[in-house]
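Structural description and commentary
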Amino acid sequence: MSNSSSSRPLCMIPGPVEMSDTVLQSNSTPATAHTDPVFVEAFGQVIEMLRTVVGTKTAQPFVIAGSGTLGWDQSAANLVEAGENVLVLSNGYFGEGLADCMETYGAQVTRLRAEPGQRQQLAQVAQALRAKKYKLVTVTQVDTSTGVLGDVKGVAELVREHSPETLVVVDGVCATAAERLYFDAWGVDVVITASQKALGSPPGISVVVASQKALGVLKARQTPVPAYYINWNRWLPIMKSYEDRAAKYFATPCVQAIFALNTSLKEMLSDGGMESVFAAHERTAARVRSAVHKWGLETVAAAPELCSNAMTAVWLPASIQAADLLPKLKARGVVAAGGILAGQAHRYFRLGHMGISATRDNGNVDAMLKAAAEALEECGHSVATAGRSTPPRL
Ligand SMILES: Cc1ncc(COP(=O)(O)O)c(C=O)c1O
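Keep in mind that what you see is a predicted model, and the values were worked out from it rather than measured. (Residues numbered from 1 in each chain as written. Predicted model: local features only at pLDDT ≥ 70, side-chain atom pairs only at ≥ 80, totals over all residues. Heavy atoms only, no water.)

What follows is about the overall build of the protein chain. Each helix and strand counted, the protein chain has 14 helices and 14 strands in total. Computed over its C-alpha atoms, the radius of gyration of the protein chain comes to 21 Å, within 12% of the 21 Å expected for a compact globule of 394 residues. Referenced to the eigenvectors of the C-alpha coordinate spread, the extents of the protein chain come out at roughly 65 × 55 × 30 Å. For the protein chain, the share of sequence-separated contacts (at least 6 apart) that also reach a separation of at least 24 residues comes to 71%. In the protein chain, which carries 35 positive and 35 negative side-chain charges, the distance between the mean positions of the two groups comes to 2 Å. (Helix = DSSP H or I, 4+ residues; strand = E, 2+ residues; numbered from the N terminus. Rg over C-alpha atoms; globule rule 2.2 N^0.38 Å. Contact = heavy atoms within 4.5 Å. Lys, Arg positive; Asp, Glu negative; His and termini not counted. Charge placed at Lys NZ, Arg CZ, Asp CG, Glu CD.)

Here's what the structure looks like:
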């Protein structure tokens, strides 16, 4: 499977990601009514395939026009009532954003923060769970600001042990389909994700998968959902109807984006299923980390078990700033991303390796690593002779 990349730079940021030609074609189909049987079938299949992607038989996918952030709003507005406690495990920029979003809907948020490059110790999480009753706990599976992998399985186990009524909400925007997640087996209640990362299709769709337990919490609310567009009570009949292959209207679905997502999910699942997709991301990420170490550099994620398989954030030598490096990568046909951690943004850069760039033999990751090595050389860092540099002290 190819992707049209010969005359334009490769997009190797941590999302949006490169897309296959068939996905691009699905995104440029003619105007189609949201009631057309062809669309109804495609939408129904998307809902079913998303269950497979996250590993659930019974949870309810919501597929709504918007970006990943809309999933934060959906979770906050539908599952939390003003004044209720929420524990946010924050490993960086996106953990902080999720906490801000929860507060916007009146949650009393406790932020359990980790140092950049680290994640919370499970003992700290257990202590927090013993100290207070939380309506929900959030884990950012990959915080895209650092490339640190959250311990979803470990946290879900602790919640079951210490506070079984608490909902486990996972921000999987930069993780779903790149990192292992077994929704039913691990006891997850909500996965928030988006179309433009490891799901391999264009931006434009907010995907949230909610457990029956989470839907029970919605039903048992004492107060109305404080939102209109993202009220799951409005969307639930729509999702059920499309899954039963009947159109139903609440707000216009993003028809072409759903066609494109349908194609990318089919391609992903026909490539040997999720186990092979996860394994391909693991192999690709290992290759990227090995190159980073050969360049004499360190990942922002401070230990191998903290490194994401979806992306890698790399500390730069003190003499180089991200703003010096990125144009040199671009000149070599590769778009990478700068840092986004407050106060540290210039000191590191980020490489995305999700979707077809990770799962297919298309040369994208080789091109990215070659361009990065050459750009580092041009900035004065000798990758050939480099020893391991010491990561900056924060
Ligand atoms: C972990 C994480 N959460 C949430 C978001 C927000 O998603 P979006 O930019 O699609 O609104 C992002 C975006 O990169 C992300 O990486």
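A separate point is the domain arrangement of the protein chain. Per the domain assignment, the segments of the protein chain are domain 1 (10-17 + 272-378) and domain 2 (21-269). For domain 1 and domain 2, the distance between their C-alpha centroids amounts to 25 Å. Across the boundary between the two partners, domain 1 contributes 31 residues, which contact 32 residues of domain 2. Counting each side, the surface lost to burial between domain 1 and domain 2 is near 2,500 Å², with a carbon and sulfur contribution of 60%. Summed over the three residues of domain 1 that lose the most area to domain 2, namely Met274, Phe278 and Leu306, the buried surface amounts to 23% of that side. With a closest N to O distance of 2.8 Å, glutamate 282 and arginine 180 form a salt bridge. Taken together, the links from domain 1 to domain 2 amount to 13 residue pairs in polar contact (both at pLDDT 80 or more). Elements that contribute at least two residues to the side of domain 1 that touches domain 2 include exactly α11 (273-294), β11 (311-315) and β14 (348-352). The dominant element in the side of domain 1 that touches domain 2, judged by the number of residues it contributes, is α11, at eight residues. Taken together, the residues of the side of domain 1 that touches domain 2 sort by class into 19 nonpolar, seven polar and five charged. (Domains from an automatic or database assignment. Buried area = accessible area lost by both parts, 1.4 Å probe. Salt bridge = Lys/Arg side-chain N within 4 Å of Asp/Glu carboxyl O. Polar contact = N/O pair within 3.5 Å; in protein donor to acceptor, adjacent residues only side chain to side chain. Nonpolar A, V, L, I, M, F, W, Y, C, P; charged D, E, K, R; others polar.)

Another point: the UniProt feature "domain: Aminotransferase class V" (unreviewed entry) in the protein chain. The feature "domain: Aminotransferase class V" (unreviewed entry), as given by UniProt, occupies residues 39-339 in the numbering adopted here. Counting secondary structure, residues 39-339 comes out at 44% helix and 17% strand; the distance between its end C-alpha atoms is 39 Å. (UniProt positions renumbered as here; feature names shortened; annotations may be inferred.)

Turning to the pattern of salt bridges, a few remarks are in order. Going through the model one piece at a time under the given rule, you end up with 18 salt bridges. Among the ionic pairs, arginine 111 bridges to glutamate 103, the shortest N-O distance being 2.9 Å. A salt bridge links arginine 332 to glutamate 378; the nearest nitrogen and oxygen atoms lie 2.9 Å apart. With arginine 332 in the loop between α12 (322-331) and β12 (334-335) and glutamate 378 in helix α14 (residues 364-378), this residue pair connects regions lying 46 residues apart in the sequence. Accessibility expressed as a relative area gives 31% for arginine 332, which makes it partly exposed. (Buried < 20%, exposed > 50% of the residue type's maximum accessible area, 1.4 Å probe, protein only.)

Contact pair helix α5 (residues 122-131) / helix α6 (residues 152-162): the axes reach a minimum separation of 10 Å and the direction vectors enclose 30°. When the interaxial angle is binned, α5 and α6 end up roughly parallel. Crossing of α5 over α6 shows right-handed handedness. Across from Leu122, Val125, Ala126, Leu129 and Arg130 in α5, the residues of α6 making contact are Gly154, Val155, Leu158, Val159 and His162. Taken together, the residues of the contact of α5 with α6 sort by class into seven nonpolar, two polar and one charged. (Axes fitted to C-alpha atoms, helices over the stretch in contact; angles between N-to-C directions. Parallel < 35°, antiparallel > 145°, perpendicular 65-115°, else oblique. Left-handed = near helix turned anticlockwise from the far one by under 90°.)

Now for the UniProt feature "binding site: substrate" (unreviewed entry) in the protein chain. On the UniProt side, "binding site: substrate" (unreviewed entry) is annotated at positions that read Arg350 here. Along the polypeptide, arginine 350 turns up in strand β14. Classification of arginine 350 by relative accessible area gives buried; the value is 8%. The residues contacting arginine 350, other than those within four sequence positions of it, are Met12, Pro14, Thr144, Ser145, Met311, Thr312, Ala313, Ala336, Ala337, Gly338, Gly339 and Ile340. Among the polar contacts made by the side chain of arginine 350, one reaches the main-chain carbonyl oxygen of threonine 144 at a distance of 2.8 Å.

Along the polypeptide, threonine 166 turns up in the loop between α6 and β8 (167-171). Reaching out from threonine 166, the side chain makes a polar contact with the backbone oxygen of tyrosine 134 at a distance of 2.7 Å. Discounting chain neighbours no more than four positions away, the residues touching threonine 166 are Tyr134, Lys135, Leu136, Val137, Val159, Asp189 and Lys213.

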